[in-house]
Amino acid sequence: MAAPKVAVVGAGVIGLSTALCIVETCPSCSVTVLSDQFSPNTTSDVAAGMLIPHTYPGTPIHVQKQWFKETFTYLFAISNSAEASEAGIHLVSGWQVFKSTPKEELPFWSDAVLGFRPMSEAELQKFPQYQFGQAFTTLKCDCPPYLLWLQKRLKATGIQMYNRKISDLWELHSEYDIVVNCAGIGAHQLVGDRKLFPVRGQVLKVYAPWVKNFIRDGDGLTYIYPGIHRVTLGGTREKESWSLSADPGTTKDIFDRCCSLEPSLREAQDIKVKVGLRPTRQCVRLQREVLSQAGVKLLVVHNYGHGAGGFSVHRGTAKEAARLVGECVAALQGSSSGSKL
Ligand code: FAD
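- The protein chain appears in an unreviewed UniProt entry as D-aspartate oxidase from Oxyruncus cristatus.
- Under the heading Cofactor (unreviewed entry), UniProt records this for the protein chain: "FAD".

Next up, the structure:
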């Protein structure tokens, strides 16, 4: 049969990394990325891009751990290459601090990051309101450069990318054999997924080049993540809020919370405010589906719903989505010519 034509819908970190994994694992496929927005206008551009996993209650922990490890290994290799600066990937060390000792002193990802250990009494003196802490080194993506780097890699493989809003996956049926849905929060409307909801996040990107270590309150709400050029200060988690407008009261609150963790931030300059909607579900939707309409079939692979942890697991879920595309290709090849299955 002719090269299977694959459309990837979405150009955030999930769509771009999934397209790349499909090209790497199914070189016979002709892949096109279709998206109504590209960097710098996606949720992925707003993210802090820290590799600290968020837990998906509906996904087995060993699967989440594998996704995280695969992502860490992939980005660690980039951070250790000449491309690290262009790709915006770097190692960062720091502390996660708790007001009281957490139930789980060793999170499931503790052996996937580097040098995980409890903080010493001396280190904890930096945080007088906190009783317990964990020190480790992880990776951070500076998100817009990483998205541009992924796009560059895709273009180098000959992939086409078009600006296009998809109203219904069926509109791609006549042009493509397989459709991969990486629409993030857009999947709420695109495939009518009512289990998917936004968790609004507001962050500040500030100039404070003297801040070199990350600091994260264990409740996940307040964090300071230094990137290559800017430091991300967070944050908020507002369930079911669709508003993309920045709230000045929230900006002040985030700034004050971060200054209480790292007082030197009072001198931070050039504060920019960003808002994004985390595409949240009980579990990432990572599955094959065969849509059927009047006897016609459309092969779909879904990969969306990464919530607060898309950067932390993107490579692992992209590899699994590419494997599912491989299954679709095998089904197409096994079917009689002319049929879609
Ligand atoms: P998106 O980036 O939203 O991409 C979806 C794409 O689909 C877009 O290109 C969009 O234009 C396109 N699209 C949607 N609908 C359609 C349609 N109908 N037709 C065509 N195209 C369509 N994660 C971490 O791991 N670490 C962090 O430190 C971190 N910090 C965060 C901080 C904040 C404030 C926020 C908001 C998120 C953070 N996240 C973090 C989470 C992370 O940003 C998301 O999990 C991730 O960006 C989701 O990527 P995505 O590609 O699925 O979605």
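We are not done yet, so read on.
### Some details on the nonpolar core
Working step 1: Grouped together as the largest cluster of nonpolar side chains are 67 residues, with contacts concentrated most on I22 and Y146.
Working step 2: For this core, the element with the highest residue contribution is helix α9 (residues 310-334), accounting for ten residues.
Working step 3: Leaving out residues up to four positions away in the same chain, Y146 has contacts with V13, Y74, L75, I78, A87, I89, C141, F311 and H314.

### Brief notes about the UniProt feature "domain: FAD dependent oxidoreductase" (unreviewed entry) in the protein chain
Working step 1: In this numbering, the UniProt entry assigns the feature "domain: FAD dependent oxidoreductase" (unreviewed entry) to residues 5-324.
Working step 2: What you have in residues 5-324 is 28% helix and 31% strand, and the ends, taken at the C-alpha atoms, are 15 Å apart.

### Focus on the site of the ligand
Working step 1: In the neighbourhood of the ligand, 36 residues make up the surrounding shell, with S35, D36, S44, I166 and G307 lying closest.
Working step 2: S35 is positioned such that a nitrogen or oxygen atom in its side chain is 2.8 Å from an oxygen atom of the ligand.
Working step 3: Here an oxygen atom of the ligand and a backbone polar atom of S312 are 2.8 Å apart.
Working step 4: Notes on the ligand: free accessible area 1000 Å², of which the protein chains cover 95%.
Working step 5: Among the secondary structure elements, those contributing two or more residues to the shell around the ligand are α1 (13-25), α2 (43-46), β8 (197-207), β13 (269-280) and α9.
Working step 6: Split by residue class, the shell around the ligand holds 15 nonpolar, 17 polar and four charged.

### Brief notes about a nonpolar patch on the surface
Working step 1: Residues F76, L91 and L114 make up a contiguous nonpolar surface patch of about 220 Å² in total accessible area.
Working step 2: One can find L91 in strand β3 (residues 89-98).
Working step 3: By relative accessible area, L91 is classed as partly exposed at 39%.

Criteria and cut-off values
Residues numbered from 1 in each chain as written. Predicted model: local features only at pLDDT ≥ 70, side-chain atom pairs only at ≥ 80, totals over all residues. Heavy atoms only, no water. UniProt positions renumbered as here; feature names shortened; annotations may be inferred. Core = buried A, V, L, I, M, F, W, Y, C linked by side-chain atoms within 4.5 Å. Buried < 20%, exposed > 50% of the residue type's maximum accessible area, 1.4 Å probe, protein only. Helix = DSSP H or I, 4+ residues; strand = E, 2+ residues; numbered from the N terminus. Contact = heavy atoms within 4.5 Å. Near = heavy atom within 4 Å. Polar contact = N/O pair within 3.5 Å; in protein donor to acceptor, adjacent residues only side chain to side chain. Areas by Shrake-Rupley, 256 points an atom, 1.4 Å probe, with all protein chains shown as cover. Nonpolar A, V, L, I, M, F, W, Y, C, P; charged D, E, K, R; others polar. Patch = residues over 30% accessible without salt bridge, like charges linked within 9 Å, V, L, I, M, F, W, Y side chains within 5 Å. Salt bridge = Lys/Arg side-chain N within 4 Å of Asp/Glu carboxyl O.

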